[in-house]
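One-letter residues, chain by chain:
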Amino acid sequence: MLVCGGAINSPQLLMLSGIGPADELRRHLLSFPGAEETFPFGPATSVFKVRGKMFALTQLSAEPPRRVSLKCEPQLAEALRETHAAVLPGYHLNKRHWNTVVLDGTLPEALLQDMMEDSYDLVVSGLSKAHQRELGWAPAAPEQG
């Protein structure tokens, strides 16, 4: 039994549970400006990049539940691992900066989408200002405290 936010039989629920169509995950990762899917580790491993820099890694053809590795700020990466069993240190990646997320349906949909967007934003924030402008990206405004 899967417990997850969303309507029964919704495509998002199935995609986020890791049992739905891999194309839903692919479409979401490719929806970010300038995102591309590459296969530097062979045909089974999709590496999603922006301007040649990786922001997500997954094996879309893997048996469910799928996993996706996402870049993350170090303190947040640790906090997410402590809070969610489905968030693990990055598999074969720098564990300080990467988490591997098991798409088993236990993470709230909004959290998973935020993690994917944060991974993309972290990579784009390291690009030149010219490349950021070409992508139509602007850094988030600092939070008012």
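Residues numbered from 1 in each chain as written. Predicted model: local features only at pLDDT ≥ 70, side-chain atom pairs only at ≥ 80, totals over all residues. Heavy atoms only, no water.

### As for the packing of aromatic side chains
Counted by the stated rule, this structure contains 3 aromatic pairs. For the ring pair Phe 32 and Phe 55, a centre distance of 5.8 Å and an interplane angle of 90° mean the geometry is edge-to-face. Placement of the pair is Phe 32 in the loop between α2 (22-30) and β1 (35-38) and Phe 55 in strand β3 (residues 53-58), with a sequence separation of 23 residues. The same class applies to Phe 32 as to Phe 55, namely buried. Judged by centre distance (4.8 Å) and plane angle (20°), the ring pair of Phe 32 and Tyr 120 falls under stacked. Of this pair, Phe 32 sits in the loop between α2 and β1 while Tyr 120 sits in helix α4 (residues 109-125), and the two are 88 residues apart along the sequence. For Phe 32, a relative accessible area of 12% translates into the label buried. Here Tyr 120 falls in the buried class, since its relative accessible area comes to 2%. (Phe/Tyr/Trp six-rings, centres within 6.5 Å; stacked < 30°, edge-to-face > 60°. Helix = DSSP H or I, 4+ residues; strand = E, 2+ residues; numbered from the N terminus. Buried < 20%, exposed > 50% of the residue type's maximum accessible area, 1.4 Å probe, protein only.)

### A word on the environment of Leu 76
The topology assignment puts Leu 76 in helix α3 (residues 74-83). Its relative accessible area of 35% is what places Leu 76 among the partly exposed residues.

### A closer look at α2
Burial in α2 covers these residues: Ala 22, Leu 25 and Leu 29. Relative to the axis of α2, the buried residues are bounded by an arc of 65° and lie together on one face. (Arc of directions from axis to C-beta.)

### Notes on α3
Taken as a whole, α3 has its buried residues at Pro 74, Ala 77 and Leu 80. Burial along α3 is one-sided: seen end-on, the buried residues are contained in an arc of 125°. Across from the buried face of α3, at angles greater than 90 degrees, the exposed residues are Gln 75, Glu 82 and Thr 83. The secondary structure elements touched by the buried residues of α3 are β5 (87-89), β6 (98-102) and α4. (Contact = heavy atoms within 4.5 Å.)

### Details of the nonpolar core
If you look at the biggest cluster of nonpolar residues, it comprises 30 residues, and the most contacted ones within it are Leu 29, Phe 55, Val 101 and Tyr 120. Here the element with the most residues in this core is α4; it accounts for 6 residues. Setting aside residues no more than four positions away along its own chain, Tyr 120 makes contact with Phe 32, Pro 33, Val 50, Phe 55, Leu 135 and Trp 137. Membership of the second largest hydrophobic core comes to 5 residues, among which are Met 54, Leu 57, Leu 93 and Trp 98. (Core = buried A, V, L, I, M, F, W, Y, C linked by side-chain atoms within 4.5 Å.)

### Describing the layout of surface pockets
Estimates place the volume of the largest pocket at around 360 Å³. If you go around the largest pocket, you meet 15 residues; those closest to its centre are Leu 57, Thr 58, Gln 59, Ser 69 and Tyr 91. At the level of elements, β3 and β4 (67-71) are the ones that each hand at least two residues to the lining of the largest pocket. Considering only residue class, the lining of the largest pocket consists of 6 nonpolar, 6 polar and 3 charged. Lining the second largest pocket are Cys 72, Glu 73, Leu 76, Asp 118, Asp 121, Leu 122, Ser 125, Trp 137, Ala 138 and Ala 140. Classifying every residue of the lining of the second largest pocket by side-chain character gives 6 nonpolar, 1 polar and 3 charged. (1 Å grid on protein atoms, 1.4 Å probe; cavity = no way out; pocket = protein on both sides within 12 Å on 5 of 7 lines; lining within 4 Å. Points joined across faces, edges and corners; volume = space filled by probe spheres on them. Nonpolar A, V, L, I, M, F, W, Y, C, P; charged D, E, K, R; others polar.)

### Some words on the side chain of Gln 132
With respect to the secondary-structure elements, Gln 132 resides in helix α5 (residues 129-135). Not counting residues up to four positions away in its chain, the partners in contact with Gln 132 are Val 124, Ser 125, Gly 126, Leu 127 and Trp 137.

### Overview of unusual backbone geometry
For the peptide bond that leads from Pro 64 to Pro 65, omega is -5°, which places it in the cis range. Structurally, Pro 65 is set in the loop between β3 and β4. Positive phi values are uncommon outside glycine, yet Arg 51 reaches one of about 50°. Counting through the fold element by element, Arg 51 comes out in the loop between β2 (46-50) and β3. Judged by its relative accessible area of 39%, Arg 51 falls in the partly exposed class.

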